[in-house]
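Below, each chain spelled out in residue letters.
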Amino acid sequence: MKTVLVIGGGGREHAIVDALARSPQVSRIYCAPGNAGTGEQAVNVPLKDTDVEGLKAFALEHAVDLTVVGPEASLSAGIVDAFRAEGLRIFGHTAAATRIESSKEFAKQLMSKYGIPTAAYRSFSDYGEAVEYVSRRPFPAVLKYDGLAAGKGVVIASDMQEAREALASMLLDHSFGQGRVVVEDYLEGPEFSFMCFVCGDDVYPMPLSQDHKRAFDGDKGPNTGGMGAYTGLPFITAADREFAYQEIMCKAASGMVSEGCPLSGVLYGGLMKTADGIKVIEFNARFGDPETEVVLPLLQGDAFALFDAVASGSPVGPLEWSDEVTMGVVLASRGYPGHYEKGFGISGIDAAGARVYHMGTALKDGRLVTNGGRVLMPVCKGRSLAEARKKVYEAVSRIQCDNLFYRSDIAHQALK
Ligand code: AMP
Ligand code: GLY
C-alpha cells in the first residue's frame, strides 16, 4: 500500500486528493498545507508549499512513495529537482521545465522555434521603447509581465493612457519584480483549457474544459483565479481538438525535450479558437484551478498508477474518461478578488447533493469557516450540460454562508 503527499491547499489539491483516495493502492494521503476539505480525506501537514527543505524532510521521514505537486510556486522553487536529488518520486516539472509557465518570453520563444500558433509578440525591458512600440500599434494592446504575477500580470489596455500606466507599473515601479514585458497581438474568440499529462514526448490528453476568469455574470468585472468551469465544450470540434493536440500540445512537449528540459507532469494549454485557427494564449506547467475540479472526477481507473507512471517515466496506458460532463460553480468571498473578510461559518455541504471541493476553508473551534478568496466549488456530473447545471445550482442553493457570491451563468457560451 502506498503513501502519497499532495502539495498545495486549494480546490485543485482537494480534487487531486479525492482522485487519489479512490485508488485501491493508496492507504495514506498527506496534504501540505491542505484545507478543511482535504483534512477529511488526508492528514493535513502545516508546511508551506514553497518550503522545499521542510517538505523534503517530511517525505523522507514519513516514507512517502509519491509526491504530487499542485502549485506553480512549488515547481518554480525547484521542489522536483530537490526531491529527485534525494531519490524521492515526485509528479511535476523541474524548475527548468516550469519556465514554460514562469517565463512568458521562454514560452514565446519555444512557440516560435517549434511553429506553435500564438499571437505575434515583442518583449521589452525599457519603458520608453515599450511605450514607443505600443503607440505605433492598434488597440487594445496586450501587455504581459514576464514572470509569475499571481494572475495579475496581464493588462488589456484599450488606449495609450492605460498602456502607459500598466507599462510604468511593470517596468518603472517593478510592481511584480524585475521582469520584462511582452507586448502581443490582441486575439478574439472563445477560450478553453487543454490539460495533458506529459512525460517527455508522450502526451495523454484530458477532457477539454472552460474556465470563467471574470468575477461577475456576463464576463464582467475584474479578472479572478477562475469562477467556475465545465467540460463538454460544444464549440470545439473533434478536428479542433486533434489540431490542438498535435500542433500545440505534442509540439510543445517535443520542443521541451529538444531544449533539454523535458516535461514530467501536467501541461496546461490556455487556448483560444480564433477566426484564424486555434492559438495559444498561455501555457501553464500544472493542473488548472478550477479546471481540475471538473476534469479529474471524470477519470476512470487508478489515479495513483497514472501519476506514478508519469513521475517515473514509465509507459502510461490509454486513459479512460467517463463520457458524462461536469460543471462546477465557485463560491467566493464578497470582495474577491479585492479585499475580503475571512472566518464566516459555512453549513449545508453534506446536504448539497454534489461533490463539494474546498478551495479556501478552515476549521475554527470545530466549525467550518471561510478562509480564502475562493471558498468552495460544488461539482456535478450529468448526461448533458443542462442536467449538470440544474444539479450544481441546486447544490449551490443548499449551501449556507453569509459572505459568499457566485456567478449564475457558468457555461453560458455553451448553453446559449
Ligand atoms: P493569461 O494570464 O496569459 O492567461 O491572460 C489572462 C487573460 O487575458 C486570458 O485568459 C485572456 O482572456 C486574456 N488575454 C491574454 N492574452 C491575450 C491576447 N493575446 N489576446 C486577447 N486576450 C488575451
Ligand atoms: N484556471 C486558470 C489557471 O489555473 O491558471
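A brief report on the enclosed structure follows.

Scoring rules and cut-offs
Residues numbered from 1 in each chain as written. Chains lettered and ligands numbered in written order. Predicted model: local features only at pLDDT ≥ 70, side-chain atom pairs only at ≥ 80, totals over all residues. Heavy atoms only, no water. Helix = DSSP H or I, 4+ residues; strand = E, 2+ residues; numbered from the N terminus. Contact = heavy atoms within 4.5 Å. Near = heavy atom within 4 Å. Polar contact = N/O pair within 3.5 Å; in protein donor to acceptor, adjacent residues only side chain to side chain. Areas by Shrake-Rupley, 256 points an atom, 1.4 Å probe, with all protein chains shown as cover. Nonpolar A, V, L, I, M, F, W, Y, C, P; charged D, E, K, R; others polar.

Next up on the list: the side chain of Ser23. Following the sequence through the fold, Ser23 ends up in the loop between α1 (11-21) and β2 (26-33). Discounting residues that sit within four places of it in the chain, Ser23 has contacts with Asp302 and Phe304.

Following Phe139, the chain continues to Pro140 via a peptide bond in cis, the omega torsion being -5°. Residue placement: Pro140 occurs in the loop between α8 (127-135) and β7 (141-145). With an omega of 10°, the peptide bond running from Tyr336 to Pro337 counts as cis. If you trace the backbone, Pro337 turns up in the loop between β21 (331-333) and β22 (355-358). The residue His174 is not glycine, and still its phi comes out positive at about 50°. We note that Asp219 has phi near 55°; this positive angle belongs to a residue other than glycine.

A word on the site of ligand 2. Every residue near ligand 2 is listed here: Asp211, Gly225, Tyr268, Asn284, Arg286, Gly288, Asp289, Pro290 and Glu291. The separation between a nitrogen atom of ligand 2 and a polar side-chain atom of Glu291 is 2.8 Å. Its free accessible area being 200 Å², ligand 2 has 89% of it covered by the protein chains. Partitioning the shell around ligand 2 into residue classes produces two nonpolar, three polar and four charged.

Here we come to the site of ligand 1. As a matter of local geometry, ligand 1 sits amid 13 residues, with Glu184, Asp185, Leu187, Glu191 and Glu282 nearest to it. Separating an oxygen atom of ligand 1 from a side-chain N or O atom of Glu191 is a distance of 2.5 Å. One nitrogen or oxygen atom from the side chain of Lys213 is found 3.4 Å from an oxygen atom belonging to ligand 1. Out of a free accessible area of 470 Å², ligand 1 has 89% covered by protein chains. Sorting the residues of the shell around ligand 1 by element identifies β7, β8 (154-157) and β17 (277-284) as the ones contributing at least two each.

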